Amino acid sequence: MRLVLFQTTPQGPIAPGALTDRGVVSLAAATAAVAGRSLQETMTGRSDHFDGLRPALEREAAQGAAR
């Protein structure tokens, strides 16, 4: 699983995701608890709490809808 940032449209919000064999899966719901006021704060929170988030991230990456 590779963590990525993606947009669904050129002007849309930047969202956290996972790059899988099926495509990109949104991880926004799984990382909502560590979302910050800025993209940098969100990325830092995701890194700082990765061990605790990992089960939810892996589950979402395996089961979530891919784009």
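Residues numbered from 1 in each chain as written. Predicted model: local features only at pLDDT ≥ 70, side-chain atom pairs only at ≥ 80, totals over all residues. Heavy atoms only, no water.

K.L.:
Can you break down the nonpolar core residue by residue, with the values?
P.N.:
Residues Ala18, Leu27, Ala30, Val34, Leu53, Leu57 and Ala61 constitute the largest nonpolar core, which totals 7 residues. In terms of residue count, helix α2 (residues 50-63) provides more of this core than any other element does, 3 residues in total. (Core = buried A, V, L, I, M, F, W, Y, C linked by side-chain atoms within 4.5 Å. Buried < 20%, exposed > 50% of the residue type's maximum accessible area, 1.4 Å probe, protein only. Helix = DSSP H or I, 4+ residues; strand = E, 2+ residues; numbered from the N terminus.)

K.L.:
Tell me about α2, residues and numbers included.
P.N.:
Taking 1.5 Å per residue as the helical rise, α2 with its 14 residues ought to reach 20 Å, and the 19 Å between its terminal C-alpha atoms agrees with that figure. Of all the bends found along α2, the most pronounced is centred on Ala56 and spans about 30°. Within α2, burial applies to Leu53, Leu57 and Ala61. Where α2 is buried, its residues touch β2 (15-20), β3 (23-26) and α1 (39-48). (Expected span 1.5 Å × (residues − 1). Bend = angle between axes of the 7 residues up to and from the residue. Contact = heavy atoms within 4.5 Å.)

K.L.:
An account of the pattern of salt bridges is needed here, citing residue identities and associated values.
P.N.:
Here the structure, examined in full by the defined rule, presents 2 salt bridges. The partner of Arg37 in a salt bridge is Glu41, with the nearest N and O atoms 3.3 Å apart. On the accessibility criterion, Arg37 (77% relative accessible area) is exposed. Under the relative-accessibility criterion, Glu41 is labelled partly exposed at 34%. (Salt bridge = Lys/Arg side-chain N within 4 Å of Asp/Glu carboxyl O.)

K.L.:
Quick one: what's the story with the confidence of the model for the chain, residue by residue and with numbers?
P.N.:
Here the chain averages 90 in pLDDT, and 100% of its residues register 70 or above. By mean pLDDT, α1 is the weakest element of the chain at 85, and β3 is the strongest at 96. (pLDDT = per-residue confidence, 0-100.)

K.L.:
I'd like to hear about the sheet that holds strand β1 (residues 2-6), residue by residue, with values.
P.N.:
In spatial order, the strands read β1-β2-β3; together these 3 strands make up an open sheet with antiparallel pairing. Whereas interior strands pair on both sides, the edge strands pair on one side only; in this sheet they are β1 and β3. Ignoring strand direction, the axes of neighbouring strands in this sheet form an average angle of 45°. Strand direction decides the pairing type here: β2 and β3, joined by 4 bridges, are antiparallel. Paired with Thr20 across the two strands is Gly23, which belongs to β3. Where α1 meets the sheet, its contacts fall on β1 and β2, and the angle it forms with β1 comes to roughly 165°. Sheet contacts for α2: β1, β2 and β3; angle to β3, the most-contacted strand, approximately 125°. (Pairing = 2+ DSSP bridges. Axes fitted to C-alpha atoms, helices over the stretch in contact; angles between N-to-C directions.)

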